[in-house]
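Given next are the chains, with one letter for each unit.
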Amino acid sequence: MILFAPCPRGLEPPLAAELTGLGAHILEQVPGGISFEAADMPAEESAALRHAWALVYRVNLWSRLASRVLIQLDQAPYRKEKDLYALAFEQPWEAIMHPGQTLRIDTSATRSPLKSLNFANLLIKDAICDRLRQHLGDRPSIDTEQPDVRVFLFLDAFKATLYVDSSGENLFKRGWRQSDDKGEAPIKENLAAGLIALSGWQGAQPFADPFCGSGTIAIEAAQQALDIAPGLQRDFGFQRLGDFDEALWQQERETALARASAGRLRAPIQASDIDPGMIALARANAQRAGLPREAITWSVCAAEQARPLASAAGNGGFIISNPPYGERMGPSFDPVALGNNLRQAWAGWQAWIITSDRDLPGQIRLRESRKIPLFNGTLECRLFCFQMKALPTPGAVAKT
Ligand code: SAH
């Protein structure tokens, strides 16, 4: 079983590492995703199938970086539209879904010679409907909002690849954010996890987000530190596919629940925002995300005045943050005061800041030690790392 996990651009290397840790063997890294299969496949056929499905369930449950997990059905060269119909018609849809279920098809392409991707979409739909009518006597209906089954077609210049989705809603939706959330432009959960992965923070040092908004980055950090699977609060597309193995899924879930109750914080996590409404929302989000109340220390505070917790004093730590930028409405910050506060109050820390503002280092008067290009949705951003110099310790001063 060949799988493909799309992810936000720039997160491919940490996603490959994450997948490997979950039991994947990486096949290829392409811009925007990773193709992989289960490592250590057993030789016997039914054991191999179980082993592959267990990986699908586990990656959906545990990946903090992937946007979804797609199962490759087939790949073939194509030239004309009718080749796409043939490719889709050959797949055993009757084993994948039943006509009472709803369907959505997405087509995307790079350098495809076809004139209309809409038409390609329509042909795939026709092929699936025709096949199901032939085998099961009826056809599914289309639902683009809440489909039971999602099918993805990828076209390049020469070949077509057909996937059935195993995730359902995009994996950045962890199930704890409420849809009427007024959090202004929250960062996507998998991008937040991506900032953490790129920074190298793994829970052993103190963590702070002084522009925390609805709390996304701190919640991702706390879940990671506490070994809580990000998908424990939601369901997945694979639960609606024909060959769903409930017992195997429960096994993966039980393992995740056991790990979550064994997790312990090794260093404090703090998050603050100037807007009290945001802190109230962030607290509620953290609770819905399954975090114990004491996991994150929240406070209402301007970033220009924020201080590390007393329990974080000593050897520095990681700030990972998404300050307001661009055309964003609402409160903003004084860059010079922020830079001064970082240098003085946060000496010895490293600050990882994502922004679309290329001039941020100049404005806060700090020179970056790293600069990583990333996309926040369609907005081109940079993740800057600023390394704050440690202050000389009083002991060292006394000796001179
Ligand atoms: N990553 C957050 C979104 C951050 S948006 C999320 O996922 O929800 C930027 C946040 O910075 C907003 O919540 C805003 O209230 C806050 N903010 C703006 N100016 C600030 C300042 N000077 N000090 C602290 N917070 C500030």
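Preceding block: the structure.
Only a predicted model underlies this, so the values are computations on that prediction, with no experimental measurement involved.

1. Thoughts on the environment of serine 167
Now for step 1: Structurally, serine 167 is set in the loop between strand E8 (159-165) and helix H6 (189-199).
Now for step 2: Distance in space between the C-alpha atoms of serine 167 and leucine 70 is 7.6 Å, their sequence separation being 97 residues.
Now for step 3: Leaving out residues up to four positions away in the same chain, serine 167 has contacts with Asn60, Arg68, Val69, Arg234, Asp235, Phe236 and Gly237.

2. Side note on the sheet that holds strand E5 (residues 102-109)
Now for step 1: The sheet built from eight strands is open, its strands ordered E2-E3-E1-E4-E8-E7-E5-E6 with mixed pairing. Among the strands making up the open sheet, the edge pair consists of strand E2 (24-30) and strand E6 (141-142).
Now for step 2: Where strand E1 (residues 3-6) and strand E4 (residues 70-77) come together, two bridges link them in antiparallel fashion. Note that in E4 the partner of leucine 3 across the bridge is isoleucine 71.
Now for step 3: Contacts from helix H1 (residues 12-21) reach E1, E2 and strand E3 (33-38), with the element oriented near 165 degrees to E2.
Now for step 4: Against the sheet, helix H2 (residues 45-62) touches E1, E2, E3 and E4, its axis set at about 140 degrees to E3.

3. Some details on the sheet that holds strand E15 (residues 379-387)
Now for step 1: Read from one edge to the other, the open sheet built from seven strands follows the order E11-E10-E9-E12-E13-E15-E14, with strand pairing classed as mixed. For this open sheet the edge positions go to strand E11 (296-300) and strand E14 (370-376), each flanked by a neighbour on one side alone. Each strand axis lies, on average, 20 degrees off the axis of its neighbour in the sheet, ignoring direction.
Now for step 2: Across three bridges, strand E9 (residues 207-209) lies against strand E10 (residues 269-273) in parallel orientation. Counterpart to aspartate 209 in the pairing with E10 is alanine 271.
Now for step 3: The strands that helix H9 (residues 276-288) touches are E10 and E11; relative to E11, the one it contacts most, it runs at about 165 degrees.

4. A few points about the site of the ligand
Now for step 1: Around the ligand, 22 residues are found, and the nearest of them are Ser214, Thr216, Asp273, Ala303 and Asn322.
Now for step 2: Between the ligand and aspartate 273 there is a distance of 2.7 Å, counted from an oxygen atom to a side-chain nitrogen or oxygen.
Now for step 3: One of the side-chain N or O atoms of glutamate 304 is found 3.0 Å from a nitrogen atom in the ligand.
Now for step 4: When the ligand is considered free in solution it has 580 Å² of accessible area, and contact with the protein chains removes 99% of it.
Now for step 5: A per-class count over the shell around the ligand returns 13 nonpolar, five polar and four charged.

5. As for helix H10 (residues 335-345)
Now for step 1: For H10, the complete set of buried residues consists of Leu338, Gly339, Asn341 and Leu342. With its buried residues spanning 165 degrees around the axis, H10 presents them on a single face.
Now for step 2: Packed against the buried residues of H10 are strand E12 (318-321) and helix H11 (360-364).
Now for step 3: Two or three places before valine 336, at the start of H10, stands the capping residue aspartate 334, its side-chain oxygen 3.1 Å from that residue's backbone nitrogen.

Basis of the calculations
- Residues numbered from 1 in each chain as written.
- Predicted model: local features only at pLDDT ≥ 70, side-chain atom pairs only at ≥ 80, totals over all residues.
- Heavy atoms only, no water.
- Helix = DSSP H or I, 4+ residues; strand = E, 2+ residues; numbered from the N terminus.
- Contact = heavy atoms within 4.5 Å.
- Pairing = 2+ DSSP bridges.
- Axes fitted to C-alpha atoms, helices over the stretch in contact; angles between N-to-C directions.
- Near = heavy atom within 4 Å.
- Polar contact = N/O pair within 3.5 Å; in protein donor to acceptor, adjacent residues only side chain to side chain.
- Areas by Shrake-Rupley, 256 points an atom, 1.4 Å probe, with all protein chains shown as cover.
- Nonpolar A, V, L, I, M, F, W, Y, C, P; charged D, E, K, R; others polar.
- Buried < 20%, exposed > 50% of the residue type's maximum accessible area, 1.4 Å probe, protein only.
- Arc of directions from axis to C-beta.

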